[in-house]
Amino acid sequence: MEYITFNAKVLNLCENEEHTIEENRWDVDVDIDGKIYKYTFEAVAICNGHHFSEIWPTSNDIPGLDTFSGVQIHSHNYRMNEFTTNKTVIVAGLSISGGDIGGDIEDVTRQCIYSSRRYGTGIKKILKDKAYLENGVIVKHVDIIIWCWGYRYEYPFLEKGFLEIQENPSRISLFQRVFPINKPGIALIGTPTVNGSLHPVAEKQSEWFAKICAKDTNLPPTLEMEKEIDSWKNGIEEYNVSYRPMQVTIPQYFDVIDRYIKDYAN
């Protein structure tokens with residue numbers, strides 16, 4: 001607990017005026033209980049992951065959404081199932097959150113409808129309390145829609161352009177989903193998605209970053225990192241990846257990290 005400060009909000013992270021590629025200097029402004037503190041670090045791990053900014057549909061995505069007469073929440077804000085008791089509920093999105101929430105509410109709802117664009121049952125349009133699905137089904141008397149549409153990558157404490165973030169699908173250009181190019185001393189921990197627990201992935205990324213900070217190993221040359229990012233981008237375009245472009249696979253991802261640690265060890 002000695003090195004943890006609670007009730008601290010990061011307001012800004014930027015290069016110190018003395019920052020160079022060889023000598024990392026990063027300024028961080030922090031609000032601690034209403035008082036602003038300024039710190040300078042040689043290395044910064046950004047660890048707010050990918051569950052920060054919810055993706056909500058708009059009327060451009062689903063015509064008539066603004067006429068919906070029921071309750072809408074995002075999976076991020078779901079806690080208990082009591083508010084769905086004896087209600088007709090649509091769970092929109094069938095990834096991990098959608099499956100978990102649907103399983104939690106289906107025994108207490110009047111009707112629980114699973115909706116997924118990937119499976120042709122996405123919501124095509126809405127008219128007040130009616131939802132028209134892509135497969136032709138019309139769900140009447142809808143009381144609640146729980147949007148499990150995931151999250152977008154967003155870092156309000158970074159100035160625009162600090163990271164290369166793209167939308168549809170939301171993704172960040174990072175070497176091996178950890179390191180931004182030409183930002184020595186910066187690592188983003190926990191940004192990938194994974195089939196299973198994210199914690200071992202975040203721990204492995206942290207181990208890699210710690211070894212770099214301790215000068216036990218190094219990152220590859222910039223050109224090699226750029227080639228890896230380009231290859232990843234090309235794969236997204238070639239295979240038209242619209243779902244989880246930041247996905248990594250265990251244990252192969254761990255093997256890749258271990259190889260970089262070994263190949264560029266000091």
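Before any of the text, the structure's been laid out above.
Thresholds, definitions, all that
Residues numbered from 1 in each chain as written. Predicted model: local features only at pLDDT ≥ 70, side-chain atom pairs only at ≥ 80, totals over all residues. Heavy atoms only, no water. Helix = DSSP H or I, 4+ residues; strand = E, 2+ residues; numbered from the N terminus. Buried < 20%, exposed > 50% of the residue type's maximum accessible area, 1.4 Å probe, protein only. Areas by Shrake-Rupley, 256 points an atom, 1.4 Å probe, with all protein chains shown as cover. Patch = residues over 30% accessible without salt bridge, like charges linked within 9 Å, V, L, I, M, F, W, Y side chains within 5 Å. Salt bridge = Lys/Arg side-chain N within 4 Å of Asp/Glu carboxyl O. Lys, Arg positive; Asp, Glu negative; His and termini not counted. Charge placed at Lys NZ, Arg CZ, Asp CG, Glu CD. Contact = heavy atoms within 4.5 Å. Axes fitted to C-alpha atoms, helices over the stretch in contact; angles between N-to-C directions. Parallel < 35°, antiparallel > 145°, perpendicular 65-115°, else oblique. Nonpolar A, V, L, I, M, F, W, Y, C, P; charged D, E, K, R; others polar. Pairing = 2+ DSSP bridges. Core = buried A, V, L, I, M, F, W, Y, C linked by side-chain atoms within 4.5 Å.

Caption draft 1: Structural context of the overall build of the protein chain. A count of helical and extended segments in the protein chain gives four helices and 18 strands. Across its three principal axes, the protein chain shows a C-alpha extent of roughly 65 × 45 × 30 Å. Across the 266 residues of the protein chain, 42% fall into the buried class. Summed over all atoms, the accessible surface of the protein chain reaches about 15400 Å², with 49% contributed by carbon and sulfur.

Caption draft 2: Spatial organisation of a negative patch on the surface. A cluster of acidic residues, Glu82, Asp100, Asp104, Glu106 and Asp107, forms a negative patch on the protein surface. Relative to the helices and strands, aspartate 100 resides in helix α1 (residues 96-105).

Caption draft 3: Spatial organisation of a nonpolar patch on the surface. Taken together, the side chains of Met1, Ile4 and Phe6 present a nonpolar region at the surface, about 380 Å² in accessible area. Secondary-structure assignment places methionine 1 in the segment before β1 (8-15).

Caption draft 4: Spatial organisation of the side chain of aspartate 29. For aspartate 29, the location among the structural elements is in strand β2 (residues 26-32). Aside from chain neighbours lying at most four places away, what touches aspartate 29 is Lys9, Val10, Leu11, Asn12, Tyr37 and Lys38.

Caption draft 5: Structural detail: the packing of helix α2 (residues 199-213) against helix α4 (residues 252-263). Contact pair α2 / α4: the axes reach a minimum separation of 11 Å and the direction vectors enclose 5°. On the basis of their axis angle, the class for α2 and α4 is roughly parallel. Packed against α2, whose contacting residues are Pro200, Val201, Lys204, Gln205, Glu207, Trp208 and Lys211, the element α4 presents Tyr253, Phe254, Ile257, Asp258, Tyr260 and Ile261 at the interface. Among the residues making up the contact of α2 with α4, the classes are represented as eight nonpolar, one polar and four charged.

Caption draft 6: Structural detail: the environment of leucine 65. Inspection of the secondary structure puts leucine 65 in the loop between β5 (53-54) and β6 (71-74). The spatial distance from the C-alpha of leucine 65 to the C-alpha of glycine 235 is 34 Å, given a sequence separation of 170 residues. Those residues within four positions of leucine 65 in sequence are excluded, and the remaining contacts are Pro57, Thr58, Ser59, Gln72, Ile126 and Trp147.

Caption draft 7: Summary view of the sheet that holds strand β11 (residues 138-139). Read from one edge of the open sheet, three strands run β9-β10-β11, paired in antiparallel fashion. The sheet terminates laterally at β9 (123-127) and β11, the two strands that pair on one side only.

Caption draft 8: A look at the nonpolar core. Leu13, Ile46, Tyr155 and Trp208 are the most contacted members of the largest nonpolar core, which totals 41 residues. When residues of this core are traced back to their parent elements, those giving at least two are β2, β4 (44-46), β16 (186-188), α2, α3 (222-238) and α4. If one sorts the elements of this core by residue count, α4 sits on top with six residues. Every residue in contact with isoleucine 46, bar those within four places of it in the chain, is listed here: Leu13, Tyr155, Phe157, Leu158, Ile186, Ala187, Leu188 and Ile189. Grouped together as the second largest cluster of nonpolar side chains are 16 residues, Ile123, Ile126, Ala131 and Val139 included.

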